[in-house]
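Secondary and tertiary structure notes
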Amino acid sequence: GAPVTVSLSEGEGQLNLVVSDTGPGGADPKGNGLTGLRHRVDALDGRMGITSEPGEGTVIRVDLPCE
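To start, this report covers the structure provided alongside it. Treat the numbers as computed from the prediction; the structure is a model and nothing was measured. (Residues numbered from 1 in each chain as written. Predicted model: local features only at pLDDT ≥ 70, side-chain atom pairs only at ≥ 80, totals over all residues. Heavy atoms only, no water.)

Digging into the overall build of the chain
When its secondary structure is counted, the chain shows one helix and four strands. The order of α-helices and β-strands along the chain, N terminus first, is β-β-α-β-β. If one aligns the C-alpha atoms of the chain with their principal axes, the spans along those axes are about 35 × 25 × 15 Å. Carbon and sulfur atoms make up 53% of the accessible area of the chain, which totals about 4,700 Å². (Helix = DSSP H or I, 4+ residues; strand = E, 2+ residues; numbered from the N terminus. Areas by Shrake-Rupley, 256 points an atom, 1.4 Å probe, with all protein chains shown as cover.)

Below, the structure is given as structure tokens:
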């Protein structure tokens, strides 16, 4: 499998999580796994973004409120 990097930071009242890999990219944001993750993030009033261009790996960013 492709190496994965996970980073976690806190700032401006939110917790920021970024998970990225150097795999083949092309992840489907509407696929079951990512949709399930998005529902969990939404339930916590967070935001989630996915970048996954074919051949360029995948980056998932999650921002959650954190006071």
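That was the structure; now back to the text.
Observations concerning the sheet that holds strand S3 (residues 47–51)
Read from one edge of the open sheet, four strands run S1-S2-S4-S3, paired in antiparallel fashion. A single partner strand is all that each edge strand has here, and the edge strands are strand S1 (4–11) and S3. Across the sheet, the mean angle from the axis of one strand to that of its neighbour is 10°, orientation sign disregarded. Sheet analysis places strand S2 (residues 14–21) next to strand S4 (residues 58–65), joined by eight bridges and oriented antiparallel. What sits directly across from Gln14, in S4, is Pro65. Contacts between helix H1 (residues 32–43) and the sheet are confined to S3 and S4, with S3 contributing the most and set at about 155° to the helix. (Pairing = 2+ DSSP bridges. Axes fitted to C-alpha atoms, helices over the stretch in contact; angles between N-to-C directions. Contact = heavy atoms within 4.5 Å.)

Focus on the pattern of salt bridges
On inspection of all chains with the given rule, the structure shows two salt bridges. The residue Arg47 makes a salt bridge to Asp63 at a minimum N-O spacing of 3.4 Å. On the criterion of sequence distance, the pair formed by Arg47 in strand S3 and Asp63 in strand S4 is long-range, its members being 16 residues apart. Using a relative accessible area of 8% as the deciding quantity, one classes Asp63 as buried. Look at the salt bridges and you will find they share partners, linking Arg47, Arg61 and Asp63 into a network. (Salt bridge = Lys/Arg side-chain N within 4 Å of Asp/Glu carboxyl O. Buried < 20%, exposed > 50% of the residue type's maximum accessible area, 1.4 Å probe, protein only.)

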